[in-house]
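# Chains, contacts and geometry: an overview
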Amino acid sequence: MTTDSTQSTDELKVGLVMTTYSPDPTGQHARMNDVLRYVRRNSSVNISFEVFVLSWKGQKEASDAYTIHYQEGGKVIRAVTSLSGLLKCRSDLDLVHLIAFPTWVGFPLELVNIGKPLVVGPNIGGRMFPWSSFDEPTREVVKAEKPGLLRRWRWYGELIERFKLRFARSRLYPSVRFLAFSEWVQDEVLARRGVPTDDVTVLPSGVPTDIFRPGAQQVRDEERLKLLFVGKPTRRKGMRLLAEAIADLDQRGIRVDVLVAGTDNPPEWLSNLAVTEDRFEFLGRVPRAELPTYYNAVDAYVCPSYYEMESTTMIEALACGTPCIATDGRAFREVCDGNGIFFDRGDADSLAETILEFRQEKDDWHKRAMAQSDRYDIEQTFETIMDTYAAIAGR
């Protein structure tokens, strides 16, 4: 459904429940914030939102394009207040959209039938991961950062989530539709919990291209490769893996510089590696609107994460015409779609060799990414969501 087609129908009214709202969103929370921003900037779209926000960062915002209800108090109080707000305005709503699942935010919605069609996702929580399909090194990383997560999943997590999904689909709502960031989430996460693929809509990868777009081209050093890493320097994000690969290349006389956006404090373990410290420049927290400056200043964006449901930063880089070096995984390959080069998960040697391979053909990679940068527009994400809304609401 395009913007033009929505104008010919009555206004669609949606109750939107969000775990996090921020003027400067990051990670998976950014996608629906971007959709709301698109609605705000395009007055012609024929949709209205009642937005129930469970937590937020920065100043509370008001909007003429939609109503934002900020919830106060502890988690339980905020969840109950959101449910109460939905019940009060449900007669005016065509459907309810629960952004995150599974989560404490959605628990009241999973127990109470508000009598409206339900859209769930695309923020599918960590308990939904197919942990059994991961290799041992990845599981060790998970154990180190979230020691109780695998234990809970092994004993009851998958059983409970499967039951909750089936219960919601069969008992509580007249119809349920799921949104997913990728076909990998559709096939390996939701399908394993009993959700038919026919009930899932995969969202195209998109970000605001008025912000994330190719900029003035930097003069690229033929001898020195410059990479960008965005995120916290945790084991799961693969920062140590990247540092080990850079140290390996450094010892071979190959210089690779890395800009790190997300922290201004080098991790303690960095000094223990045989890598020259000036190879890493820690930029601190960079506001999202300023990230395109850095995406456009490097040869490639690097995403060495052990696992992700999706990578918003990869999409942002690709929209800027910057190719990616990433962990080999189906979700990452779907996003890059020919604009990325991949290395074996958790293998620093493989990452080093992949960086070398990229270095030899970086101009070709850059031209290819630039030619396809306009594919990553939030408008196509919005239109797919609108199609889903219209279908489930019987429009």
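Residues numbered from 1 in each chain as written. Predicted model: local features only at pLDDT ≥ 70, side-chain atom pairs only at ≥ 80, totals over all residues. Heavy atoms only, no water.

## Quick word on the overall build of the chain
Definition in use: Helix numbering and strand numbering both begin at the N terminus, where a helix is a DSSP run of H or I of at least 4 residues and a strand a DSSP run of E of at least 2. The cut-offs for exposure are 20% and 50% of the maximum accessible area for each residue type, with area from a 1.4 Å probe on protein chains only; residues under the lower value are buried, those over the upper are exposed, and the others partly exposed. Contact criterion: two residues are considered in contact whenever any of their non-hydrogen atoms come within 4.5 Å of each other. Where accessible areas are quoted, they stem from the Shrake-Rupley method and a 1.4 Å probe; at the residue level, only the protein chains shown are allowed to cover.
Secondary structure assignment for the chain yields 14 helices and 13 strands. Going through the 395 residues of the chain one by one, you find that 55% of them count as buried. Counting contacts in the chain only where the partners sit at least 6 residues apart, residues at least 24 apart contribute 70% of the total. Summed over its atoms, the accessible surface of the chain is roughly 17000 Å², and 46% of this surface lies on carbon and sulfur atoms.

## Points about the side chain of Asp34
Of note, Asp34 is situated in helix H2 (residues 30-41). Setting aside anything within four residues of it in sequence, one finds Asp34 in contact with Val207, Pro208, Arg288 and Ile378.

## A look at the sheet that holds strand S9 (residues 256-261)
Applied cut-off: At least two bridges found by DSSP between two strands are what make those strands a pair. As a rule, the C-alpha atoms of each element are fitted with a line to give its axis, helices using only the stretch in contact, and angles between N-to-C directions run from 0 to 180 degrees.
Spatially, six strands are ordered S10-S9-S8-S11-S12-S13 in an open sheet, and the strand pairing comes out parallel. At either end of the open sheet lies a strand with only one pairing partner, and these are strand S10 (280-284) and strand S13 (340-343). Recorded for the sheet is a direction-independent mean angle of 25° between the axes of neighbouring strands. In this structure, S9 lies alongside S10, joined through four bridges in parallel fashion. Paired with Ala261 across the strands is Gly284, a residue of S10. Packed onto the sheet, helix H12 (residues 348-360) meets strand S8 (225-230), S9, strand S11 (300-303), strand S12 (324-327) and S13 and runs at close to 155° relative to S13.

## What to know about the confidence of the model for the chain
Using the following cut-off: Known as pLDDT, the predictor's confidence for each residue is given on a scale from 0 to 100.
The predicted model of the chain has a mean per-residue pLDDT of 81, with 76% of residues at 70 or higher. Within the model, pLDDT remains below 50 along residues 1-8, and this stretch shows 17 contacts once partners closer than five positions in the same chain are excluded.

## Comments concerning the packing of aromatic side chains
For clarity, the cut-off: In summary, the pairing rule links any two rings of Phe, Tyr or Trp, Trp by its six-membered ring, whose centres are within 6.5 Å, and it sorts them by plane angle into stacked for under 30 degrees, edge-to-face for over 60 and tilted for everything else.
For the structure shown, the criterion picks out six aromatic pairs. Aromatic pair Tyr38 and Phe382: ring centres 4.8 Å apart, planes at 40°, arrangement tilted. Of the two residues, Tyr38 sits in helix H2 while Phe382 sits in helix H14 (residues 378-392), which places them 344 residues apart along the sequence. Exposure remark for Tyr38: the relative accessible area of 8% places this residue in the buried category.

## Some details on the nonpolar core
Counted only if it meets this: Residue types Ala, Val, Leu, Ile, Met, Phe, Trp, Tyr and Cys, when buried and joined through side-chain atoms within 4.5 Å, form a set referred to as a nonpolar core.
By size, the foremost hydrophobic cluster in this structure holds 35 residues, and its most contacted members are Leu227, Leu242, Val256, Val258, Phe280, Ile325 and Ile355. Looking at this core, the elements that each hand over two or more residues are helix H5 (136-145), S8, helix H8 (239-251), S9, S10, S11, S13 and H12. Examining the composition of this core, we find that seven residues originate from one element, H8, more than from any other. Counting 29 residues, the second-largest nonpolar core is a separate cluster that includes Leu36, Tyr38, Val39 and Ile47.

## Points about the packing of H2 against H14
The geometry of a pair of packed helices is captured by two quantities: the angle between their axes and the separation between those axes. Our working definition: In this scheme, roughly parallel covers angles under 35 degrees and roughly antiparallel covers those over 145, while 65 to 115 is roughly perpendicular and the rest are oblique. Gly falls in the polar group here, along with every residue not listed as nonpolar (Ala, Val, Leu, Ile, Met, Phe, Trp, Tyr, Cys, Pro) or charged (Asp, Glu, Lys, Arg).
Following both chains from N to C, one finds H2 and H14 inclined at 90°, their axes separated by 10 Å at the closest point. In terms of orientation, H2 lies roughly perpendicular with respect to H14. Between H2 and H14, the residues in contact are Arg31, Met32, Asp34, Val35, Tyr38 and Val39 and Ile378, Glu379, Thr381, Phe382, Ile385 and Tyr389, respectively. In terms of residue class, the contact of H2 with H14 is made up of eight nonpolar, one polar and three charged.

## Points about a negative patch on the surface
Our working rule: Surface patches are defined over residues having more than 30% relative accessible area and no salt bridge, joining like charges when they lie within 9 Å and nonpolar side chains (Val, Leu, Ile, Met, Phe, Trp, Tyr) when within 5 Å. Each salt bridge in this description consists of a side-chain nitrogen of Lys or Arg and a carboxyl oxygen of Asp or Glu lying within 4 Å of one another. This count recognises Lys and Arg as positive and Asp and Glu as negative, with His and chain-terminal groups excluded. Lysine's charge is taken at NZ, arginine's at CZ, aspartate's at CG and glutamate's at CD.
Side chains of Glu357, Glu361, Asp363 and Asp364 sit close together on the surface and give a patch of like negative charge. Assignment of secondary structure puts Asp363 in helix H13 (residues 362-371).

## Topic: the side chain of His97
Selection rule: Side-chain atoms alone can form a polar contact between residues adjacent in sequence; in general such a contact is a pair of N or O atoms within 3.5 Å, and within protein one must be able to donate a hydrogen while the other accepts it.
In this fold, His97 is placed in strand S4 (residues 95-101). There is a polar contact of 2.6 Å between the side chain of His97 and the backbone oxygen of Gly121. Here the side chain of His97 touches Tyr389 through a polar contact of 2.6 Å, side chain to side chain.

## Regarding the environment of Ile325
Structurally, the position occupied by Ile325 is in strand S12. Separated by 29 residues in sequence, Ile325 and Thr354 place their C-alpha atoms 7.8 Å apart. Not counting the four nearest positions on each side in its chain, Ile325 is found in contact with Leu227, Ala300, Tyr301, Val302, Cys303, Ile341, Phe343, Leu351, Thr354, Ile355 and Phe358.

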